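# Observations on the model geometry
What follows is each chain in one-letter form.
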Number of protein chains: 2
Amino acid sequence: MELSPTAYVILGMISREPRSGYEIKSLVDETTRFFWAASYGQIYPELKRLSEAGLVEGVEAPRGDRKRTLHAITAEGERELKDWLRRAPQTFEMREEGLLKLFFSGVLPPKDAAETLGWMHEQRAGTAARLRELEPGASEKRDGGDPFPLMVLQAGIEFNEWFADWCERMEARLRDAAATEGSK
Amino acid sequence: MELSPTAYVILGMISREPRSGYEIKSLVDETTRFFWAASYGQIYPELKRLSEAGLVEGVEAPRGDRKRTLHAITAEGERELKDWLRRAPQTFEMREEGLLKLFFSGVLPPKDAAETLGWMHEQRAGTAARLRELEPGASEKRDGGDPFPLMVLQAGIEFNEWFADWCERMEARLRDAAATEGSK
DNA sequence: ACAGGCATGTAAATAGTTACATGATTCG
DNA sequence: CGAATCATGTAACTATTTACATGCCTGT
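Since we're looking at a predicted model, the values are computed, not measured. (Residues numbered from 1 in each chain as written. Chains lettered and ligands numbered in written order. Predicted model: local features only at pLDDT ≥ 70, side-chain atom pairs only at ≥ 80, totals over all residues. Heavy atoms only, no water.)

### Quick notes on the domain arrangement of chain A
All names here are of chain A.
- Taken as a whole, chain A is organised into domain 1 (5-86) and domain 2 (97-182).
- When the two sides are added together, the surface that domain 1 and domain 2 hide from each other amounts to roughly 370 Å², 69% of it contributed by carbon and sulfur.
- When the area that domain 1 buries against domain 2 is broken down by residue, the three leading residues are Arg-16, Phe-34 and Phe-35, summing to 80%.
- A salt bridge links Asp-146 to Arg-16; its shortest N-O distance comes to 3.3 Å.
- One can count one residue pair in polar contact (both at pLDDT 80 or more) joining domain 1 with domain 2.
- Of the residues contributing to the side of domain 1 that touches domain 2, the split by class is two nonpolar, no polar and three charged. (Domains from an automatic or database assignment. Buried area = accessible area lost by both parts, 1.4 Å probe. Salt bridge = Lys/Arg side-chain N within 4 Å of Asp/Glu carboxyl O. Polar contact = N/O pair within 3.5 Å; in protein donor to acceptor, adjacent residues only side chain to side chain. Nonpolar A, V, L, I, M, F, W, Y, C, P; charged D, E, K, R; others polar.)

In structure tokens form, the structure reads like this:
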């Protein structure tokens, strides 16, 4: 069966323990957000569909008077998840407004391109720093258990550090070019 | 003014010379595709909107009997493009199904995760190779002219090479873990 | 008492892909 | 002559974001 990508995110997130929609959203924001996001507007309707398809089962688990539904994966849901995991990945997309601006920067003075690179650098260095703070938590959980969330987190850190570094190198290149130009 | 992201891709693509919708699409596919894509379903309607807004002007330029409209940027369109270029980039998104699968790979035997990494590696190495083939063309155009398309292409190459390398290192890590496990 | 987090959901808008329809021109 | 490429567009669908509405619970 071919489900929507968000469906698999949900199945994955509840594969170890049942969770509420709210919890799924928080987890996504803490973990897969940087390479696969999901909003409430996707999660709740998708949970309903998965429930109707029998891949997920709702369990009422109120906290006090507040209603709360934990969503558990069914045997069939687990089969779907595993089937998907074993198929080759299809989607590799990136939308990077910074690179797009840089691409067209020839229509402006080089100084403006340098500023774009500065913004990109700041953004990527900041993201890398924030992800690095999550590393100790992910390392703990890994021990004896699942090594993959940590592995993926490290990919995120490395990627953002590589990108920040690339921006710095390109800024330097623009500075050098400007200096050469100036000394002619 | 706040235009759709695709609008800026179009304005950028026609900023140096007028182009047909078909040409814009081909250019996008050859250049910005890996960090900002666009389909006909976006390009033609957007051209109409930009035309109505006075940022783009259509010029009839038939080839033989075949109708053809070249779209030229207007003075106002150029102002919009430059304004946008000078604002800080907002959008940084990635959708990487491979990393998503890897993230959930704890529910399967490690061998399956290694296979996912293998696919990811193949895909990224292939993309890097294809981009590297475009480098000579981009280098030529740069001389005396616009250095930014080449710069961005090199970012694409470096990124895909970094990613391919990361996949290899993680595959090795899984192999080592399996060996340690086996020798206990 | 109030802020912040927990919890569920929907409506509207925007974005984007895919598939289709149509037809001319060019190159081998 | 047939295939590939040039060229324009639309319809239907899928995906996704944003904003809103509602209200309980916990800690200060």
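Next comes the rest of the account.
### Looking at the relation of the copies chain B and chain A
- Laying chain B over chain A is done by rotating through 180° and shifting 0.0 Å along the axis; what remains is an RMSD of 0.0 Å. Seen this way, the second copy is the image of the first under a two-fold rotation axis. Among all residues of chain B, the one whose C-alpha sits closest to the rotation axis is Met-94 of chain B, at a distance of 2.2 Å. (Least-squares fit on C-alpha atoms with pLDDT ≥ 70 in both.)

### Quick notes on the protein's contact with DNA strand D
- Of all residues adjacent to DNA strand D, which total 22 residues, the nearest are Ser-39, Asp-65 and Arg-66 of chain A together with Tyr-22 and Arg-68 of chain B.
- A breakdown of the atoms of DNA strand D within 4 Å of the protein gives sugar and phosphate a share of 72%.
- A distance of 2.9 Å separates a phosphate oxygen of DNA strand D from a polar side-chain atom of Gln-42 of chain A.
- Contact between DNA strand D and Gly-21 of chain B: a phosphate oxygen at 3.2 Å from a main-chain N or O atom of the residue. (Near = heavy atom within 4 Å.)

### Overview of the protein's contact with DNA strand C
- Surrounding DNA strand C, one finds 22 residues, the nearest of these being Arg-68 of chain A together with Ser-39, Gln-42, Asp-65 and Arg-66 of chain B.
- The sugar-phosphate portion of DNA strand C accounts for 70% of its atoms within 4 Å of the protein, the bases making up the rest.
- One nitrogen or oxygen atom from the side chain of Thr-6 of chain B is found 3.4 Å from a phosphate oxygen belonging to DNA strand C.
- At 2.6 Å from a phosphate oxygen of DNA strand C is found a main-chain nitrogen or oxygen belonging to Asp-65 of chain B.
- Of all the secondary structure elements, the ones that give two or more residues to the surface near DNA strand C are helix H2 (21-30) and helix H3 (40-52) of chain A together with helix H1 (5-13) and helix H3 (40-52) of chain B.
- Among the elements that take part in the surface near DNA strand C, H3 of chain A stands out by supplying four residues, more than any other.
- Along the lines of polarity and charge, the residues of the surface near DNA strand C split into four nonpolar, 10 polar and eight charged. (Helix = DSSP H or I, 4+ residues; strand = E, 2+ residues; numbered from the N terminus.)

### Section: the interface of chain B and chain A
- In this assembly, 61 residues from chain B lie in contact with 61 residues from chain A.
- Contact with chain A buries area across many residues of chain B, yet Arg-95, Phe-103 and Phe-148 of chain B alone supply 12% of it, more than any other trio.
- On inspection of chain B and its partner chain A, the count reaches four salt bridges.
- For the salt bridge of Arg-169 of chain A with Glu-158 of chain B, the shortest nitrogen-to-oxygen distance reads 2.4 Å.
- Taken together, the connections running from chain B to chain A amount to 25 residue pairs in polar contact (both at pLDDT 80 or more). (Contact = heavy atoms within 4.5 Å.)

### Comments concerning the packing of aromatic side chains
- As enumerated under the stated definition, the model contains 20 aromatic pairs over all chains in all.
- Considering the side-chain rings of Tyr-8 of chain B and Trp-84 of chain B, the 4.6 Å spacing of their centres and the 10° angle between planes classify their relative orientation as stacked. Here Tyr-8 of chain B is found in helix H1, whereas its partner Trp-84 of chain B is found in helix H4 (residues 75-86), with 76 residues between them in sequence. There is no split in this pair, since Tyr-8 of chain B and Trp-84 of chain B are both buried.
- Members of the aromatic cluster, connected to one another through ring pairs, are Phe-159, Trp-162, Phe-163 and Trp-166 of chain A together with Phe-159, Trp-162, Phe-163 and Trp-166 of chain B.
- Between Lys-25 of chain B and the ring centre of Tyr-40 of chain B, over which it is positioned, the NZ or CZ distance is 5.6 Å.
- Over the ring of Trp-36 of chain A we find Arg-95 of chain B; its NZ or CZ atom is 4.5 Å from the centre of that ring. (Phe/Tyr/Trp six-rings, centres within 6.5 Å; stacked < 30°, edge-to-face > 60°. Buried < 20%, exposed > 50% of the residue type's maximum accessible area, 1.4 Å probe, protein only. Lys NZ or Arg CZ within 6 Å of the ring centre and 35° of its normal.)

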